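Each chain, letter by letter, is given below.
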Amino acid sequence: KKRIQAKKIIEIIKKYPFFRVFETPKIIKHVYYIIPIVYDYKKTRVSREKLLLALEKEGLEDRLLNGYSNLHLLPIFRNKIAFGKKGIPWTLKESRKNIFYKNGSCEIAEEYHSKSFIGFLNCAVDATNKDLENIKKIFEKVCSQIEKLRLLK
């Protein structure tokens, strides 16, 4: 049911040239807990935050994620906190000692987190056909007013 729902939501989102949803290879069965969307803010010149606020005000509150956690910036990696008393994995001979996790070390992931990634919480929606139609109308309304959003402060 969630896969069918996700495919319908993806079809809605894919209509807009500033959104990209990755195709799932046919051999994989995606559970679509979250539908990952890449937003190209350069095509609209509207910040992701402004776009998400508009979508939320139209009724998609609690269904959208603004970024995600960059794992390489979590304390366990930044501070090389080990598991147990032996310092694993940092003490393993196979471990690369010259890797340091800091801002700027994973530029693409950081760009997604700060500007491009939107997560649609498919897990939070048990959508009827009426709900899906409403989601479609919300995207149509907000995305058709990109020019107006750009002018808002």
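Residues numbered from 1 in each chain as written. Predicted model: local features only at pLDDT ≥ 70, side-chain atom pairs only at ≥ 80, totals over all residues. Heavy atoms only, no water.

Caption draft 1: Spatial organisation of helix 6 (residues 129–143). Here helix 6 contains 15 residues, and its C-alpha end-to-end distance of 21 Å stays within 8% of the 21 Å for a straight helix at 1.5 Å per residue. Where helix 6 is concerned, the buried positions are Leu132, Ile135, Ile138, Phe139, Val142 and Cys143. Buried residues in helix 6, looked at end-on, bunch into an arc of 115°, giving them a common side. More than 90 degrees from the buried face of helix 6, the exposed residues found are Asn129 and Lys130. Looking at the buried residues of helix 6, the elements they touch are helix 1 (2–13), strand 1 (19–21), helix 3 (48–60), strand 4 (117–120) and helix 7 (146–151). (Helix = DSSP H or I, 4+ residues; strand = E, 2+ residues; numbered from the N terminus. Expected span 1.5 Å × (residues − 1). Buried < 20%, exposed > 50% of the residue type's maximum accessible area, 1.4 Å probe, protein only. Arc of directions from axis to C-beta. Contact = heavy atoms within 4.5 Å.)

Caption draft 2: The arrangement of the confidence of the model for the protein in detail. Looking at the protein as a whole, its pLDDT mean stands at 90, while 100% of the residues score no less than 70. Between the elements of the protein, mean pLDDT differs from a low of 86, seen in helix 4 (residues 75–78), to a high of 96, seen in strand 1. (pLDDT = per-residue confidence, 0-100.)

Caption draft 3: Here's a closer look at the pattern of salt bridges. Evaluated as defined, the whole model comprises 7 salt bridges. Close ionic contact of lysine 14 with glutamate 11 constitutes a salt bridge, the shortest N to O distance being 3.8 Å. A residue is classified by how much of its surface remains accessible, and lysine 14, at 37% relative accessible area, is partly exposed. Glutamate 11 gets classed as partly exposed once you look at its relative accessible area, which sits at 48%. Salt-bridge contacts for glutamate 23 lead to lysine 14; the nearest nitrogen and oxygen are separated by 3.1 Å. Look at glutamate 23 and you get exposed, because its relative accessible area is 61%. Through salt bridges with shared partners, a single ionic network connects Glu11, Lys14 and Glu23. (Salt bridge = Lys/Arg side-chain N within 4 Å of Asp/Glu carboxyl O.)

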